[in-house]
Amino acid sequence: MRLDTPKVLLTFFAILLWSCQSSKTVITEVEQDDNQLIEPISDLDQERSDLINLLESRISEYQESRRRDFDLLHSDLELSFDFGQEQVEGLAYLTLKPYFFPQKELVLDAKDFDVHAFSLINGDSDQPLNFRYDGKKITAYLPQTYSSNDTLKVRIKYTAKPNENVRPGSKAITDTKGLYFINARGEEKNKPTQIWTQGETEHNSKWFPTIDAPNERATQEIKLTVDSQYRTISNGVLKSSVENGDSTRTDHWYMDLPHAPYLAAVVVGDYVEIEDEWEGMQVNYYVEKEFEQGAKKVFQNTPEMIGFFSDLLGVRYPWQKYDQVVVRDFVSGAMENTTITVFMEELNLNEREAIDSEWDGIIAHELFHQWFGNLVTNESWSNLTLNEAFANYSEYLWYEYKEGRDEADLHHVSEMEQYFSEAKEKQVDLIRFYYDDGEDMFDSHSYAKGGRILHMLRRHLGDEAFFASLNHYLEKHAFQSVEVHKLRLAFEEVTGMDLNWYFNQWFLASGHPILEYEVDYSQPDNLLLTMAQRQDFTTTPLYRLPFKVSWYSNGKRYEKEFILDKAWQQFAIENQQEVSDLYVDEAVELLAEKRSFRGKSHFINQFRSSGLGVARYEALDSLAGMFGEDMDVAALVGQGLEDDFWAIRELAVMNIAKNPTWLLAIEGLENRLFEMAENDPKNTVRLGAIELLSIMDADKYSPAFLRWMNDPSYYVAGTALSAYLENEENLNREEIAKRYESDKNIRMVVALADYYIREEIEGKGDWFNERLESISGQSLYYYLGYYGDYFVKMPSEGAWEAIDRLYGIAKGHRANYVRIAAFMGLFGFIDEEGVLEKAREIWNNEQDEMAKSYQEFFLSTYLEEN
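Keep in mind the model is a prediction, meaning the values are calculated, not measured.

Rules behind the numbers
- Here, residues in each chain are numbered from 1, in the same order as that chain's written sequence.
- Under the rules for a predicted model, residues below a pLDDT of 70 receive no local features and side-chain atom pairs below 80 are neither given nor counted, while totals for whole chains, interfaces and linings still include all residues.
- The side-chain figures draw on all heavy atoms in the structure; neither hydrogens nor water molecules are used.
- A helix here means a DSSP run of H or I that spans at least four residues, while a strand means a run of E at least two residues long, and both kinds are numbered starting from the N terminus.
- What the globule rule says is 2.2 Å times the number of residues to the power 0.38, and the radius of gyration is computed from C-alpha atoms.
- Burial here depends on accessible area, computed with a 1.4 Å probe over protein chains only, as a share of the maximum for the residue type. Under 20% is buried, over 50% is exposed, and the range in between is partly exposed.
- Contacts are assigned to residue pairs that have any heavy atoms within 4.5 Å of one another.
- Under the convention used here, a 1.4 Å probe and the Shrake-Rupley method define accessible areas, while residue burial counts only the protein chains that appear.
- Charge counting follows a simple rule: Lys and Arg are positive, Asp and Glu are negative, and His as well as the terminal groups are ignored.
- The atom standing in for a charge is NZ when the residue is Lys, CZ when it is Arg, CG when it is Asp and CD when it is Glu.
- Buried residues of nine kinds, namely Ala, Val, Leu, Ile, Met, Phe, Trp, Tyr and Cys, make up a nonpolar core once their side-chain atoms join them within 4.5 Å.
- By this rule, a helix spans an expected 1.5 Å times one less than how many residues it contains.
- The reported bend at a residue is simply the angle between two axes, fitted to the 7 residues ending at it and to the 7 residues beginning with it.
- Residues are called lining when one of their atoms sits within 4 Å of a cavity or pocket point, these points coming from a 1 Å grid over the protein atoms alone, where a cavity is a set in which a 1.4 Å probe fits but cannot get out and a pocket is an open set with protein on both sides within 12 Å along at least five of seven lines.
- Grid points are joined across faces, edges and corners, and a volume is the space filled by probe spheres set on the points.
- Three classes are used, and their members are as follows: Ala, Val, Leu, Ile, Met, Phe, Trp, Tyr, Cys and Pro are nonpolar, Asp, Glu, Lys and Arg are charged, and the others, Gly among them, are polar.
- Two strands pair under a simple rule: DSSP has to find at least two bridges between them.
- Axis definition: a line fit to C-alpha positions, over the contact stretch in the case of helices; interaxial angles, taken between N-to-C directions, run 0 to 180 degrees.
- Here is the rule for angles: anything less than 35 degrees is roughly parallel, anything more than 145 is roughly antiparallel, 65 through 115 is roughly perpendicular, and the remaining ranges are oblique.
- What makes a crossing left-handed is the near helix being turned counterclockwise from the far one by less than a right angle; a clockwise turn instead makes it right-handed.
- Here a salt bridge means any side-chain nitrogen of Lys or Arg lying within 4 Å of a carboxyl oxygen belonging to Asp or Glu.

A. Here's a closer look at the overall build of the chain. Secondary structure assignment for the chain yields 28 helices and 30 strands. Expected size for 866 residues packed as a compact globule is a radius of gyration near 29 Å; at 32 Å, the chain falls within 12% of this value. Taking all 866 residues of the chain together, the buried fraction comes to 55%. For the chain, contacts bridging at least 24 residues in sequence account for 66% of all contacts bridging at least 6. Total accessible area on the chain is roughly 39400 Å²; 47% of this is exposed by carbon and sulfur atoms. Here the chain contributes 85 positively and 151 negatively charged side chains, and the mean placements of these two sets differ by 3 Å.

B. Here's a closer look at the nonpolar core. By size, the foremost hydrophobic cluster in this structure holds 124 residues, and its most contacted members are Phe309, Trp371 and Phe547. The element that contributes the greatest number of residues to this core is helix α6 (residues 385–402), accounting for eight residues. Apart from residues lying up to four places away in sequence, Phe547 is in contact with Leu529, Met531, Lys560, Glu561, Phe562, Ile563, Leu564, Phe571, Val584 and Leu590.

C. Region of the structure containing helix α24 (residues 777–793). End to end, α24 covers 25 Å across 17 residues, agreeing with the expected 24 Å (1.5 Å per residue, within 8%). Along α24, the sharpest kink reaches roughly 35°, centred on Tyr783. Along α24, the residues classified as buried are Gly777, Leu780, Tyr783, Leu784, Tyr787, Gly788, Tyr790 and Phe791. Check the buried side of α24 and you find it contacts α22 (746–758), α23 (765–774), α25 (799–812) and α26 (816–826).

D. Representation of α25 within the structure. Here α25 is 14 residues long and its end C-alpha atoms lie 20 Å apart, about the 20 Å a rise of 1.5 Å per residue gives. Buried residues belonging to α25 abut α23, α24, α26 and α27 (835–845).

E. Region of the structure containing unusual backbone geometry. Following Glu200, the chain continues to Thr201 via a peptide bond in cis, the omega torsion being 10°. In this structure, Thr201 sits in the loop between β10 (194–197) and β11 (218–227). Non-glycine residue Glu86 carries a positive phi angle of around 55°. Along the chain, Glu86 turns up in the loop between β1 (70–82) and β2 (87–98). Of note, Asn554 is a non-glycine position whose phi angle comes to about 55°, a positive value.

F. Local environment of empty space enclosed by the protein. As enumerated under the stated definition, the model contains two cavities of 30 Å³ or more in all. Its volume calculated, the largest cavity comes out at about 130 Å³. As for the largest cavity, its lining consists of 15 residues, and the residues nearest its centre are Met456, His460, Pro546, Phe547 and Leu590. Looking at the lining of the largest cavity, the elements with two or more residues in it are α8 (445–461), α11 (500–506) and β26 (545–553). Here the lining of the largest cavity is built from residues that sort into seven nonpolar, two polar and six charged. Surrounding the second largest cavity, Leu72, Ser75, Phe208, Thr210, Ala218, Thr219, Gln220, His259, Ala260, Pro261 and Ala264 form its lining. Where the lining of the second largest cavity is concerned, the elements lending two or more residues are β1 and β11. With three residues, β11 is the single largest residue contributor to the lining of the second largest cavity. Among the residues forming the lining of the second largest cavity, the class breakdown is six nonpolar, five polar and no charged.

G. Quick look at the pairing of strand β21 (residues 340–343). With burial as the criterion, each face of β21 is covered, one bearing Ile340 and Val342 and the other bearing Thr341 and Phe343. One ladder, built from two bridges, connects strand β20 (residues 334–335) with β21; its direction is antiparallel. Bridge pairing in β21 links Ala334 to Phe343. The hairpin turn running from β20 into β21, its antiparallel successor, is four residues long, and Thr339 in that turn takes a positive phi close to 70°.

H. Main features of the packing of helix α17 (residues 669–679) against helix α18 (residues 683–697). It is the contact of α17 with α18, at a shortest axis distance of 8 Å, that shows an interaxial angle of 140°. Here α18 runs oblique to α17, going by the angle between their axes. Remark: the crossing between α17 and α18 carries left-handed chirality. Of the residues in α18, those touching α17 at Leu669, Glu670, Leu673, Phe674, Met676, Ala677 and Glu678 are Val685, Arg686, Ala689, Ile690, Leu692, Leu693 and Met696. Considered class by class, the residues forming the contact of α17 with α18 number eleven nonpolar, no polar and three charged.

I. Geometry of the side chain of His203. One can find His203 in the loop between β10 and β11. On the accessibility criterion, His203 (3% relative accessible area) is buried. Excluding residues within four positions of it along the chain, His203 makes contact with Arg167, Asp175, Thr176, Lys177, Gly178, Gln198, Asp212 and Glu439.

J. Representation of the pairing of β2 in the model. With ten of twelve residues buried, β2 is to be regarded as a mostly interior element. Taking the residues that link successive antiparallel strands as the turn, the β1-β2 hairpin has four residues, and the phi of Glu86 there is positive, at about 55°. Where β2 meets strand β8 (residues 152–160), nine bridges bridge the pair, whose relative direction is antiparallel. Residue pairing for β8: Thr95 is matched across the bridge by Lys153.

K. Main features of the pattern of salt bridges. As enumerated under the stated definition, the model contains 63 salt bridges in all. The residue Glu492 makes a salt bridge to Arg488 at a minimum N-O spacing of 3.1 Å. Of this pair, Glu492 and Arg488 both sit in helix α10 (residues 484–495), four residues apart, which is roughly one turn of that helix. You'll find Glu492 and Arg488 in the same group, each marked buried. Shared partners join several salt bridges into a network, and the residues in it are Glu400, Arg405, Asp409, Arg458, Arg459, Asp463, Lys548, Glu561 and Glu589.

Spelled out as structure tokens, the structure:
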């Protein structure tokens, strides 16, 4: 017997429902053959099938925030290091509780470990747990089901092997080992032994078990046992340091404020400590002894930065201390670990090199992360720009405060151009939930585009509203993870404005506006601006775009803001005064490609009248590029040599070098250049002036070049040395060159290398090899081309040794850009026996996509032949 509803009742209910809701179809019954099957997707028409496949992929490929089964409360690590095997011996005590739902299994991230034991701590005893380990995650089987009211403490004994199963990283973070042994066995000359970590995105689980997700947050303590000769630096404060009596020491670092696991860090090495402070808080710098005096200059503005950002945000620096450490062979530019930022070795500068230090931008960037990224953290890598856009924009904020608006605006335009360059190949949403790997999020969209979006929002809302909103955002979400809507709501709660339109078009969509505009000057006191949006509306929004126009009258600047919210729109400026030139987005605030016809007179007036350095820079650059043959433009470039903004003086010098006919057309040029070479406050401007003087009359200025070679600035000294060595009339060139052979600075080294190659000076093979061993980082990248060229020209000096060295660097250097440079250097010997095979081997084994593409380009002819 079965219980069936009689058909008459079905009919009755159907009639009743129809009478109550006659406008809606409740159910449709279809007569179906019992043998008929549901039609498979493959049998549908192609268009519908493709749509369904797309929709299904959007579901399956969606990158969601990590589900929180457990809340990690505290990590207690005991670590020692096997330098010979490059492994970590670890003991981890983790305190956790179920996040909400009851749990009977605990899953931890632990990549490439040997797991020796996993136990549950009950009071004073350990209860061994059964566990399963797949090389990436440990699943421990708990003895009972635990609720969110329960707190667990587990103990894991393990060996971490960070060198195993390494995969390529991203453009921003080029490797994924998590923990790095540098020159672990002391086999590399001129390189110290170090250990350092790099946890972002989810690489700290290569050296300790954790829940390796940005929406996790816990306190921590790390006990590091190391040789007594080494210093350790880690998050939080150094609680104790105990000598063990066996030439080792155990340092106990304690972090009592919760932060995301990827922000944990340790550094081990032979460092000097440079003590500094901000309002009584430790602000220290750690570098190799050789760079101690330089570090005092490089990092000298850090305390002022901390105070500036604290005041600007209305949120005091939130952590216990702030340390900055420079390491060797770093896999990124820098990393903002909580209380301890790690920098690439390019910040290793001696006292003289530090005179020209230009690292304030990256120092500000990493410091700002202590608020945006560490105090308030993106909940998933899809929301990465909530970390990186703010850090990127901090560079503008610092330059604006410290150097002035012109300097900040120039940096802003540079970042904008960086995004536009990437946008030629890729345009994606700023907040995006579809990517292959979290590393893919580290691009110019998340950084440069994000920073420009914040800049536009600030200019639209005004400083008071913008910074009050940031203060509210930070205070409301301190020690929490966030998504983009929390940022929007913070702005809305402060300003009372609906900002969905802004966040939807900029954060949640791809692309940027392409604007065409023209100005009708027929009614000078009421100009008519016509503007059109020309971007592809099938992939890019039609923007609601606040923008500004400006003009000058009797030396005074006027400005109005309008909103473009149509594809084609006209605006009556109602300027009242008669105006001959209207400037649309004079301050270059809009992240937009702008197209218009502006003639020579417009740019001349812009250069002469604008009070904004970035506008004068644009005008002079446009005039020199489009009207370089005109002598009135030459005269204007000459005026650029007197501009208050160093970038315009530098641009003027550069354009004169490109247009030799201007050398005689600009009145008083030679005297002005000499005065600039002697006294300009910007050393890059002095550099350009010296180069021009060497073109104008190298013999006349040789005595000055000899004097400038000893200038404190390497920008000046290196340029003067190069200018002197290029002049064949200087008969003591070889003697002068030998005088500077011991200098390791890349500008001096390149000047000598270029001279030795050009003049084919014999007996310099050893010098080239010695410099190869002493140079590292970006300097090595620049040097490798000269190194290869010398031995191509002078094979008897040791070409085969050079080939072997280039081969080794191209094959095994940590930095992809250095491997590329070495590969290019190797190509100078490509016709030598066996070199092509070496090049093919390097290409075949290269894992980095960018390096491999460059190598393939150079090899393409030879690959086609075979």
